[in-house]
Amino acid sequence: MSNENTSYTQLRKLMREAGTLGSVNALLAWDQETYMPSGGADARAEQRSMIATMVHERRTSARVGELIVACEHDASLPEIERSNVREMRRDYDLLTKLPASLVGEIASTATKAQEAWKDAREKSDFATFRPWLEKMMELARQKASCYGTPAGGEPYDALLEEYEPGARAAELQQVFTPLASELSALIAKIGASGKTDRLAIKPPSIDASKQHAFGQFLLKSMGFDLNAGRLDTTAHPFCEGLGPGDTRLTTRYREDEFGGAMYGTLHEMGHGLYEQGLPKLERYGEPLGEAISLGIHESQSRMWENLVGRSRAFWTWAQPHASKTMSAWFAAQSVDALYSMSNVVKPSFIRVEADEATYNLHILLRFTLERALLKGDLSVAELPGAWNSMFEKLFGLRVPDDRRGCLQDVHWSCALIGYFPTYSLGNLYAAQFFETARAAMPDLDERFARGDFAPLLGWLCTNIHQHGRRYRAGELCERVTGKKLDSGALLRYLKGKAAEVYGV
Ligand code: ZN
């Protein structure tokens, strides 16, 4: 193993080089979203595409392919290193199975489809977007057939591989369907309580600079290492793990709505804590130094945003600090009022504005429809009708126009078919991990109320972050929680909150 010339050492070295080159591109992307003047856009596109090509060439070289084969035959590798090789194989196959011509066609069609989508959404005119969506679906089918359908699976599974390795559509459906029917019933009960308007109190307008100072305070107090990361402002918030010791977070501020920035910051912080907890120093560029999947990444962001940040214990601790840094208004509210305000449940048409409970219904709807579209069970022409009738069944609301219906999301126009389920997987994994953490540390709430978040972060590092991609998501879930992913923990959590906040 320590032999400098083994195939494995050579492979690791090549992976680190490709990773390092990739991080240069990530830095260029971060700069583009934060500080780059708009005049730099064309040159930046050229820089980024050049580096992306170099990274792709390195990761798909014949040499890398040979070294992977050699390592697969090396029986002396310990189990943990074999898992590293297994994931390198998976990445290599995904990157080499698509012909360059198809990659190019998807990219250029997506660029035009996005323009058509923006226009169609603005005018709420599905007919002009329809041919583009038909093309994108056809290209998705071609992509799925290049990847190959896993044994016993369906083409949708092949697309899932890009975002959630090892996930299967039929298994997801088995988790999502019971979740949706219980959630629909819960949301109807909450609506019938008639309390929503009273609980949704309106905070005053707060300067962006004060919101930013409070965001920095939260990051520092909750365990994000500001010597190894920073927080900046963008139009679309994100987290970018640039490499060992450098994790960038961004958020956006609206003075009349502090919650958007505060919960957005906590969300990106959750992604950032995961990035900071990965063993990048030793493993940069290798699967063992990377996040498992989008679903697991999202579980970390949603845990800190929702399960921690929307808890009564969080507000018990945060209230005096919010009052000191942002506005005396916070001190004038009861902790109960702040807790309720952060947990209002109200069905609405737009996914990105949805609360914790209704959010998963938005995902079930998209997952069901895109799966049927890909299979050919549903034609693109039938999409608006299918969307509206399913929406009414799930939410009890009639969709007024396609702008607030099937035209609202960018994903289908930019070839992200199979991506939506990872959002709900994030909520489900977050709840199941959190329930397990709470059972292991029954005083977690008292700790949060004192501003002590270290035990939770330590637990997440030990059980999830430090492993990188050693385990697949489903396997990790079973190892950590003792059972397969199911909707039980999320439903217990949401029902418990509805009982406290709404008394239903
Ligand atoms: Zn996220």
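So, how was this worked out
Residues numbered from 1 in each chain as written. Predicted model: local features only at pLDDT ≥ 70, side-chain atom pairs only at ≥ 80, totals over all residues. Heavy atoms only, no water. Pairing = 2+ DSSP bridges. Helix = DSSP H or I, 4+ residues; strand = E, 2+ residues; numbered from the N terminus. Axes fitted to C-alpha atoms, helices over the stretch in contact; angles between N-to-C directions. Contact = heavy atoms within 4.5 Å. Disulfide = S-S within 2.5 Å. Buried < 20%, exposed > 50% of the residue type's maximum accessible area, 1.4 Å probe, protein only. Salt bridge = Lys/Arg side-chain N within 4 Å of Asp/Glu carboxyl O. Expected span 1.5 Å × (residues − 1). Bend = angle between axes of the 7 residues up to and from the residue. Parallel < 35°, antiparallel > 145°, perpendicular 65-115°, else oblique. Left-handed = near helix turned anticlockwise from the far one by under 90°. Nonpolar A, V, L, I, M, F, W, Y, C, P; charged D, E, K, R; others polar.

When you look at the sheet that holds strand E3 (residues 246-251) in this model, what are you seeing that I'm missing?
Neighbouring strands of a sheet are bound in pairs by backbone hydrogen bonds; such pairs are parallel or else antiparallel. Judged by pairing direction, the sheet is mixed, and its 3 strands sit side by side in the order E1-E3-E2 without closing on themselves. Two strands bound the open sheet, and with one partner strand each, they are strand E1 (229-233) and strand E2 (239-243). Mean inter-strand twist for the sheet, computed between neighbouring axes without regard to direction, equals 20 degrees. Sheet topology places E1 next to E3; 5 bridges connect them, and they run parallel. Of the residues in E3, the one forming a bridge with Gly-229 is Thr-247. Sitting on the sheet, helix H1 (residues 7-34) is in contact with E1, E2 and E3, with an inclination near 35 degrees to E1. Of the strands in this sheet, E1, E2 and E3 touch helix H11 (residues 258-277), which is tilted by about 165 degrees from E3.

Looking at this structure, how should I read the state of the cysteines?
By definition, a disulfide links the sulfur atoms of two cysteines through a covalent bond. Counting across every chain of the model gives 0 disulfides. Here Cys-406 stays unpaired: no disulfide links it, and the sulfur of Cys-414, its closest cysteine neighbor, is 16 Å away. The exposure class assigned to Cys-406 is buried, which follows from its relative accessible area of 6%.

What should I look at first to understand the pattern of salt bridges in this one?
Two side chains that carry opposite charge are able to pair once their charged atoms sit near each other. Under the criterion given, the structure shown has 44 salt bridges. The partner of Glu-87 in a salt bridge is Arg-472, with the nearest N and O atoms 3.0 Å apart. On the criterion of sequence distance, the pair formed by Glu-87 in helix H4 (residues 79-97) and Arg-472 in the loop between helix H20 (454-463) and helix H21 (473-481) is long-range, its members being 385 residues apart. Look at Arg-472 and you get partly exposed, because its relative accessible area is 24%. One salt bridge connects Arg-248 with Asp-246, and the closest N-O pair in it is separated by 2.6 Å.

Can you help me understand the environment of Leu-476 in this one?
Along the chain, Leu-476 falls in helix H21. Judged by relative accessible area, which is 1%, Leu-476 ranks as buried. Between the C-alpha atom of Leu-476 and that of Asn-463, which follows or precedes it by 13 residues, the distance is 8.6 Å. Sequence-distant contacts of Leu-476, that is, excluding residues within four places in its chain, are made with Ile-292, Ile-296, Phe-433, Asn-463, Ile-464, His-467 and Tyr-471.

Sorry if this is basic, but what is going on with helix H14 (residues 312-325) here?
One full turn of an α-helix is made of 3.6 residues, so residues set three or four places apart face in the same direction. Counted at 1.5 Å a residue, the expected span for H14 with its 14 residues is 20 Å, and the 20 Å between its end C-alpha atoms agrees. Bending of H14 peaks at approximately 45 degrees at the position of Ala-318, with proline Pro-320 no more than four residues after it. Within H14, burial applies to Ala-313, Phe-314, Trp-315, Trp-317, Ala-318, Gln-319, Ala-322 and Ser-323. Of the surrounding secondary structure, the elements contacted by the buried residues of H14 are helix H10 (208-222), H11, helix H13 (294-308), helix H15 (335-341) and helix H19 (444-449).

Where do I start with the packing of H13 against H20 in this structure?
For any two helices packed against each other, the geometry comes down to the angle between their axes and how far apart the axes lie. The geometry of H13 relative to H20 is characterised by a closest axis approach of 13 Å and an angle of 155 degrees between their N-to-C directions. Our classification of the angle between H13 and H20 gives roughly antiparallel. In this structure, H13 crosses over H20, and the sense of that crossing is right-handed. Residue-level contacts link Gln-300, Met-303, Trp-304 and Val-308 of H13 to Leu-456, Leu-457 and Leu-460 of H20. Considering only residue class, the contact of H13 with H20 consists of 6 nonpolar, 1 polar and no charged.

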